[in-house]
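Understanding the architecture of this molecule
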4 protein chains.
Amino acid sequence: MCRWLAYSGAPIHLDEVVLKTEHSLIDQSLHAKEGATETNGDGFGVGWYGKRDMPGVYKDIRPAWNDSNLHALAAQIESHLFFAHLRAATGTAIQRTNCHPFQYENWLFVHNGTVREFQTVKRDLVFAISPELFTEIKGSSDSEILFYLALTFGMAEDVAGGVARMAGFVEQVGRQHGVEHPLQMTLGISDGQHLYAFRYSSEGDTRSLYYSDSIEAVKDIAPRAHEFSADARAIVSEPLSALRQVWIPVEESSAVMIHKGDVEVSSFVPMAPS
Amino acid sequence: MCRWLAYSGAPIHLDEVVLKTEHSLIDQSLHAKEGATETNGDGFGVGWYGKRDMPGVYKDIRPAWNDSNLHALAAQIESHLFFAHLRAATGTAIQRTNCHPFQYENWLFVHNGTVREFQTVKRDLVFAISPELFTEIKGSSDSEILFYLALTFGMAEDVAGGVARMAGFVEQVGRQHGVEHPLQMTLGISDGQHLYAFRYSSEGDTRSLYYSDSIEAVKDIAPRAHEFSADARAIVSEPLSALRQVWIPVEESSAVMIHKGDVEVSSFVPMAPS
Amino acid sequence: MCRWLAYSGAPIHLDEVVLKTEHSLIDQSLHAKEGATETNGDGFGVGWYGKRDMPGVYKDIRPAWNDSNLHALAAQIESHLFFAHLRAATGTAIQRTNCHPFQYENWLFVHNGTVREFQTVKRDLVFAISPELFTEIKGSSDSEILFYLALTFGMAEDVAGGVARMAGFVEQVGRQHGVEHPLQMTLGISDGQHLYAFRYSSEGDTRSLYYSDSIEAVKDIAPRAHEFSADARAIVSEPLSALRQVWIPVEESSAVMIHKGDVEVSSFVPMAPS
Amino acid sequence: MCRWLAYSGAPIHLDEVVLKTEHSLIDQSLHAKEGATETNGDGFGVGWYGKRDMPGVYKDIRPAWNDSNLHALAAQIESHLFFAHLRAATGTAIQRTNCHPFQYENWLFVHNGTVREFQTVKRDLVFAISPELFTEIKGSSDSEILFYLALTFGMAEDVAGGVARMAGFVEQVGRQHGVEHPLQMTLGISDGQHLYAFRYSSEGDTRSLYYSDSIEAVKDIAPRAHEFSADARAIVSEPLSALRQVWIPVEESSAVMIHKGDVEVSSFVPMAPS
């Protein structure tokens with residue numbers, strides 16, 4: 001039950017988004033307005049694409065609001081595509097390896113939600129991860145398992161397909177164990193070029209997710225972004241209330257793909273493995 | 001702007017108080033009801049007297065609610081007199097040396113409140129600490145300075161007198177620097193035998209503090225305490241709401257001293273150094 | 001490639017062993033003499049049995065030598081049976097959930113050694129853990145997997161048998177993957193009553209392990225232990241050099257069981273599952 | 001008793017220096033060859049100048065060798081002038097605010113050495129810091145006090161003069177307290193344009209310090225630096241042994257100033273305040 005945001009556009013310093021705005025991530029870590037939990041203090045992470053092939057990731061188990069490093073780093077790091085995530089743990093350990101974004105090769109992945117009765121279904125889910133990805137698992141959270149399942153099911157070649165097969169599999173396993181609504185998720189995913197987001201839950205009542213399709217909404221989270229590019233776009237768990245009207249809710253059971261200012265929205269349907 | 005509690009009575013395991021109750025310290029760390037800040041997630045500490053001369057202290061900068069060690073330790077540590085404290089930082093660094101309780105020899109000290117315009121008055125306050133105590137300062141918080149000032153002004157021989165002279169000095173220095181209301185404090189102090197508490201602020205509007213003078217109120221924070229002794233007493237920043245009537249507010253500008261079940265309340269007046 | 005010790009005898013404060021001796025655990029964390037790595041700074045843990053049914057555990061990822069909490073806690077905690085462990089990581093993440101001792105119900109478990117080519121064999125090992133124990137896995141280390149495998153193979157009913165079947169299974173899986181010497185281990189295990197230790201490696205060249213069968217050797221790690229009981233016993237990765245002669249090496253491929261001052265040594269042979 | 005290095009030249013990624021070389025900072029944190037302590041595991045820090053006015057700083061109390069964030073950050077951060085520092089504490093708390101580099105406005109400062117009998121002289125030293133800088137003190141180490149004393153004595157206008165007056169004052173205060181050799185230091189300082197280093201101790205036996213005056217030595221710590229510029233220069237506590245001849249020892253009681261590839265060496269004499 002977390003908060004996250006993603007930015008795609010001209011390179012900006014992370015502090016423009018993470019620290020300087022009225023309803024910044026830091027502020028959200030203390031006073032989330034729409035989340036299932038008000039305090040998101042069980043660690044945080046930022047992941048960004050810079051000049052190198054691999055993205056950078058910085059995570060800590062402290063609350064974001066009291067990390068001196070985050071302030072210093074966000075003022076220095078510039079990126080055209082990045083994620084920030086605040087964790088509110090749902091039962092698994094508070095450790096860096098359970099913080100988002102999760103990274104594998106050039107991929108970054110953030111999740112807000114839960115795999116219901118995770119301890120019941122975990123073993124079946126973990127065993128479905130391909131052997132070469134199995135050893136990449138470093139933590140104990142449900143979110144990391146979703147990431148490696150999606151990669152197992154082909155996300156690297158077909159993002160929407162891999163995620164759909166992952167969601168279908170999680171629902172299938174959950175229902176085999178008698179879980180009524182196995183999956184609740186908003187996801188943010190990137191390969192460094194495209195920014196993907198998904199909003200889906202088995203019960204059709206998924207946590208909030210919004211996107212901007214104009215520079216106006218981005219100003220809400222990055223006030224100076226328009227100085228740099230007209231095609232900056234963003235995705236957020238929760239918009240700044242004062243400018244709520246400029247944010248567009250991602251509909252239930254849908255996917256968003258952002259690339260160079262273009263926003264494509266499509267419906268999302270889990271695919272059960274045959 | 002923190003939360004704290006103190007217990008005095010038959011030895012009990014700390015988890016009876018810290019973890020198991022409906023409105024436990026852990027719960028308060030997420031949802032304080034009367035504090036100036038709702039989230040108290042900038043570290044915590046417990047300090048307790050056991051069989052040895054020196055008290056034990058355990059502190060961490062994590063939020064109390066996600067520390068696996070705290071759960072394990074509180075289940076093992078038994079004490080007849082202990083403090084637990086949740087920190088909500090007011091501008092100084094998040095580090096163990098700024099977490100409460102502060103300890104010096106057999107003394108423990110917790111504070112909820114603030115020295116107003118601390119950065120302005122800090123130098124004058126620090127310079128008034130006696131040279132042999134000066135080198136004991138390990139952190140950068142206002143609370144630690146209050147502790148060593150009180151010791152400098154004779155707290156070890158006369159608790160109420162030392163605290164009164166400390167408060168008078170802090171007000172004197174503050175007013176010299178044009179601070180209207182220099183001091184806001186509730187304090188919990190012990191030498192291992194007696195439990196002291198103070199409620200005072202320059203503006204006469206001090207944060208809440210309550211004590212129990214019967215076993216009934218203690219049941220509120222330690223449901224099984226009555227099984228062990230009839231003279232258990234407690235002091236809390238904030239009582240469990242359901243049993244509010246059994247808690248007695250500490251009046252403005254007053255001091256409480258608890259010893260073997262006896263509770264003495266007296267008025268508290270700062271003494272300006274001559 | 002770690003260091004550990006275990007104590008069984010009259011209750012003593014942990015600091016007698018962990019902090020006060022010439023070649024204490026703290027000193028060993030900086031300057032191990034016989035270990036494969038000289039610095040053991042990747043976290044530490046203590047686990048102890050007190051008055052309650054469940055043991056207490058305290059772990060941190062800091063080096064033991066700079067943890068202020070460890071000093072304060074070891075001075076307060078009294079135990080008749082405890083472990084202390086220093087970690088030198090062999091490739092898995094530095095996080096509390098990878099620190100020893102591992103605990104499950106009334107069991108504590110410490111390990112010095114390695115499962116060779118762990119990333120290759122991990123999946124097969126993890127899948128052999130019984131489903132009800134699978135969800136107890138919190139970290140990513142080889143040692144934790146050995147613990148839950150031993151429990152899966154019946155350690156709770158038959159300690160030596162469970163460990164033998166675990167070792168046999170790890171060797172079987174390793175050899176199926178072409179690993180010449182799959183297992184290297186010294187183990188310390190307790191149910192709260194008995195203290196068990198094992199020294200075994202596939203190559204017959206296991207890291208050092210010593211036990212005391214008299215109070216003389218225990219004085220080496222707990223100088224005042226003889227004041228309390230004549231039947232105190234200890235097991236250590238590495239003795240204090242000055243008194244080396246009082247320590248008895250645990251032979252290759254053998255097991256030690258200590259109970260109320262009695263020490264039984266027997267040979268240890270892995271049992272391959274049929 | 002720490003290790004540090006500084007780089008000045010064409011912008012390079014920090015991992016070129018911090019992680020990738022044979023005798024990298026990470027390696028030095030485990031196996032320093034010339035330091036007074038072999039293990040430098042009490043925290044670390046990097047400070048760098050990028051595109052912004054203020055330098056970035058990243059510090060943690062973990063040993064450098066096990067910090068996953070450091071690896072990820074050093075691969076992303078590019079800088080033309082940076083410091084890296086490994087701490088081996090000499091008695092003060094392990095906390096981020098005691099880690100180097102210390103930063104004030106555009107200044108960065110690292111120290112290897114000690115103020116002898118610091119607890120005895122600390123009060124006199126702290127009181128000499130100018131009131132406006134006094135409130136910047138966040139930690140409890142001797143090194144931070146040296147930094148703010150040098151700023152108090154005019155370092156921002158005249159680096160060599162400020163440092164000389166600081167050193168003279170520290171010696172004066174120490175000798176007033178009967179300390180024979182009050183000061184031991186190598187210092188690295190920058191304003192973002194120039195790189196300064198000092199080697200001095202009261203006893204004339206200062207810890208090692210080396211500089212490069214050609215690109216050859218820099219290759220030792222940054223193998224690919226020559227691809228980018230011929231005027232890269234570096235300063236190190238301890239050179240890579242294999243290329244020792246390319247490093248030039250900084251003489252006792254001398255100062256080094258590096259600017260755009262030019263290296264000026266001058267003698268350094270403390271100036272006692274009149």
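Heads up: these notes are all about the structure in this document. This one's a predicted model, so the numbers in the text were calculated from it and none came from an experiment.

Criteria and thresholds
- Residues numbered from 1 in each chain as written.
- Chains lettered and ligands numbered in written order.
- Predicted model: local features only at pLDDT ≥ 70, side-chain atom pairs only at ≥ 80, totals over all residues.
- Heavy atoms only, no water.
- Helix = DSSP H or I, 4+ residues; strand = E, 2+ residues; numbered from the N terminus.
- Buried < 20%, exposed > 50% of the residue type's maximum accessible area, 1.4 Å probe, protein only.
- Contact = heavy atoms within 4.5 Å.
- Areas by Shrake-Rupley, 256 points an atom, 1.4 Å probe, with all protein chains shown as cover.
- Least-squares fit on C-alpha atoms with pLDDT ≥ 70 in both.
- Pairing = 2+ DSSP bridges.
- Buried area = accessible area lost by both parts, 1.4 Å probe.
- Salt bridge = Lys/Arg side-chain N within 4 Å of Asp/Glu carboxyl O.
- Polar contact = N/O pair within 3.5 Å; in protein donor to acceptor, adjacent residues only side chain to side chain.
- Nonpolar A, V, L, I, M, F, W, Y, C, P; charged D, E, K, R; others polar.
- Phe/Tyr/Trp six-rings, centres within 6.5 Å; stacked < 30°, edge-to-face > 60°.
- Axes fitted to C-alpha atoms, helices over the stretch in contact; angles between N-to-C directions.
- Parallel < 35°, antiparallel > 145°, perpendicular 65-115°, else oblique.
- Left-handed = near helix turned anticlockwise from the far one by under 90°.

Scanning chain A from terminus to terminus reveals 8 helices and 13 strands. Scored against the burial criterion, the 274 residues of chain A give a buried share of 65%. Looking at chain A alone, contacts between residues at least 24 apart form 67% of all its contacts between residues at least 6 apart. Per element, the accessible surface of chain A, about 9100 Å² overall, is 49% carbon and sulfur.

Next up on the list: the relation of the copies chain A and chain C. The second copy of the chain is related to the first by a rotation about an axis and a shift along the axis. Expressed as a screw transformation, the operator carrying chain A onto chain C has a rotation angle of 180° and an axial translation of 0.0 Å, and the superposed copies differ by an RMSD of 0.0 Å. The two molecules are tied by a two-fold rotation axis, judged by turn and shift. Of the residues that chain A buries at the interface, 100% are likewise interface residues in chain C, meaning the two copies contact each other through the same surface.

Here the focus is helix 4 (residues 118-127) of chain A. Along an α-helix, residues three or four apart share an orientation, since each turn contains 3.6 residues. By the criterion of burial, helix 4 of chain A is predominantly enclosed, with 7 of the 10 residues buried. Turning to helix 4 of chain A, its buried residues number three or more, namely Phe118, Val121, Lys122, Arg123, Leu125, Val126 and Phe127 of chain A. Looking at the buried side of helix 4 of chain A, the elements it contacts are strand 6 (107-115), helix 5 (131-134), helix 6 (142-152) and helix 7 (159-176) of chain A together with helix 4 (118-127) and helix 5 (131-134) of chain C.

On to the sheet that holds strand 3 (residues 56-60) of chain A, then. Paired through backbone hydrogen bonds, the strands of a sheet run either parallel or antiparallel to each other. Spatially, the 7 strands line up as an open sheet ordered 3-2-4-1-10-9-11 (chain A), and their pairing is antiparallel. On the outer flanks of this sheet lie strand 3 and strand 11 (248-249) of chain A, each paired with one strand and no other.

Another aspect to go through is the interface of chain A and chain D. Interface size is commonly expressed as the accessible surface area that is lost when the partners come together. Contact with chain A, which involves 26 residues of that partner, is made by 26 residues of chain D. The junction of chain A with chain D conceals about 1900 Å² of combined surface from both sides, 37% of it contributed by carbon and sulfur atoms. It is Arg52, Gln76 and Arg96 of chain A in chain A that bury the most area against chain D; as a group they hold 39% of the surface buried on that side. At the boundary of chain A with chain D, the tally comes to 10 salt bridges. Aspartate 60 of chain A is the salt-bridge partner of arginine 96 of chain D, the closest N and O atoms lying 3.1 Å from each other. Taken together, chain A and chain D are joined by 17 residue pairs in polar contact (both at pLDDT 80 or more). Elements supplying a minimum of two residues to the side of chain A that touches chain D: helix 1 (15-18), strand 3 and helix 3 (68-74) of chain A. The dominant element in the side of chain A that touches chain D, judged by the number of residues it contributes, is strand 3 of chain A, at 5 residues. Its residues assigned to classes, the side of chain A that touches chain D shows 9 nonpolar, 6 polar and 11 charged.

Once that is clear, we can look at the packing of aromatic side chains. Taken as a whole and judged by the stated rule, the model has 44 aromatic pairs over all chains. Measuring from ring centre to ring centre gives 5.6 Å for tyrosine 200 of chain A and phenylalanine 268 of chain A, while their planes differ by 65°; the resulting arrangement is edge-to-face. On the criterion of sequence distance, the pair formed by tyrosine 200 of chain A in strand 8 (residues 195-201) and phenylalanine 268 of chain A in the segment after strand 13 (262-267) is long-range, its members being 68 residues apart. We classify phenylalanine 268 of chain A as buried; its relative accessible area is 4%. Through successive ring pairs, a cluster of aromatic residues spans Phe44 and Tyr58 of chain A together with Phe44 and Tyr58 of chain D.

Mapping chain A onto chain D is achieved by rotating through 180° and translating by 0.0 Å along the same axis, at an RMSD of 0.0 Å. A shared binding surface is used by both copies, with 100% of the interface residues of chain A retained as interface residues in chain D.

Contact residues are listed per partner, giving 15 residues for chain A and 15 residues for chain C. On the chain A side of the interface with chain C, the three residues burying the most area are Arg123, Phe127 and Phe134 of chain A, jointly 41% of the side's total. Joining chain A to chain C, the criterion identifies 0 salt bridges. Viewed at the interface, chain C and chain A are joined by 6 residue pairs in polar contact (both at pLDDT 80 or more). Those elements giving two or more residues to the side of chain A that touches chain C turn out to be helix 4 and helix 5 of chain A. The leading source of residues in the side of chain A that touches chain C is helix 4 of chain A, at 5 residues. By residue class, the composition of the side of chain A that touches chain C is 7 nonpolar, 5 polar and 3 charged.

The next thing to look at is the environment of histidine 181 of chain D. Residue and element names in this part refer to chain D. As for its placement among the helices and strands, histidine 181 is situated in the loop between helix 7 (159-176) and strand 7 (183-190). Once the C-alpha coordinates of histidine 181 and arginine 116 are considered, the two residues, 65 residues apart in sequence, prove to be 7.1 Å apart. Setting aside anything within four residues of it in sequence, one finds histidine 181 in contact with Arg116, Ser202 and Glu203.

Residue and element names in this part refer to chain B. Taken as a whole and judged by the stated rule, the model has 44 salt bridges over all chains. Across the pair arginine 199 and glutamate 252 runs a salt bridge, and its minimum N-O distance is 3.5 Å. Of the two residues, arginine 199 is situated in strand 8 (residues 195-201) and glutamate 252 in the loop between strand 11 (248-249) and strand 12 (254-259); the sequence distance between them amounts to 53 residues. On the basis of relative accessibility, which here comes to 13%, the residue arginine 199 falls in the buried class. We classify glutamate 252 as partly exposed; its relative accessible area is 27%.

A separate point is the sheet that holds strand 5 (residues 102-104) of chain A. Residue and element names in this part refer to chain A. Taken together, 6 strands build an open sheet; the order of strands is 5-6-7-8-12-13 and the sheet is antiparallel. Bordering the open sheet on either side are strand 5 and strand 13, each of which pairs with just one other strand. Across this sheet, the average inter-strand angle for adjacent strands is 15°, counted without regard to direction.

What follows covers unusual backbone geometry. At the junction of histidine 100 of chain C and proline 101 of chain C, the peptide bond is cis and its omega measures out at -5° in the coordinates. Take proline 101 of chain C: it is sitting in the loop between strand 4 (78-86) and strand 5 (102-104). A positive phi angle, close to 50°, is found at lysine 260 of chain A, a residue other than glycine. By the secondary structure assignment, lysine 260 of chain A is in the loop between strand 12 (254-259) and strand 13.

Here we take up helix 6 (residues 142-152) of chain C. Residue and element names in this part refer to chain C. Along helix 6, 10 of the 11 residues are buried, which leaves the element largely enclosed by surrounding structure. Buried residues of helix 6: Asp142, Ser143, Glu144, Ile145, Leu146, Phe147, Tyr148, Leu149, Ala150 and Leu151, and no others. Following helix 6 by one or two positions, glycine 154 adopts a phi angle in the positive range, close to 95°.

Before going further, it helps to examine the packing of helix 4 of chain C against helix 6 of chain C. Residues and elements named next belong to chain C. In contact at an axis separation of 11 Å, helix 4 and helix 6 are set at 25° when each is read in the N-to-C sense. With respect to helix 6, the axis of helix 4 lies roughly parallel. Judged by the sense of rotation from one axis to the other, the crossing of helix 4 with helix 6 is left-handed. Here helix 4 contributes Phe118, Leu125 and Val126 to the contact with helix 6, which in turn contributes Asp142, Ile145 and Leu149. Classifying every residue of the contact of helix 4 with helix 6 gives 5 nonpolar, no polar and 1 charged.

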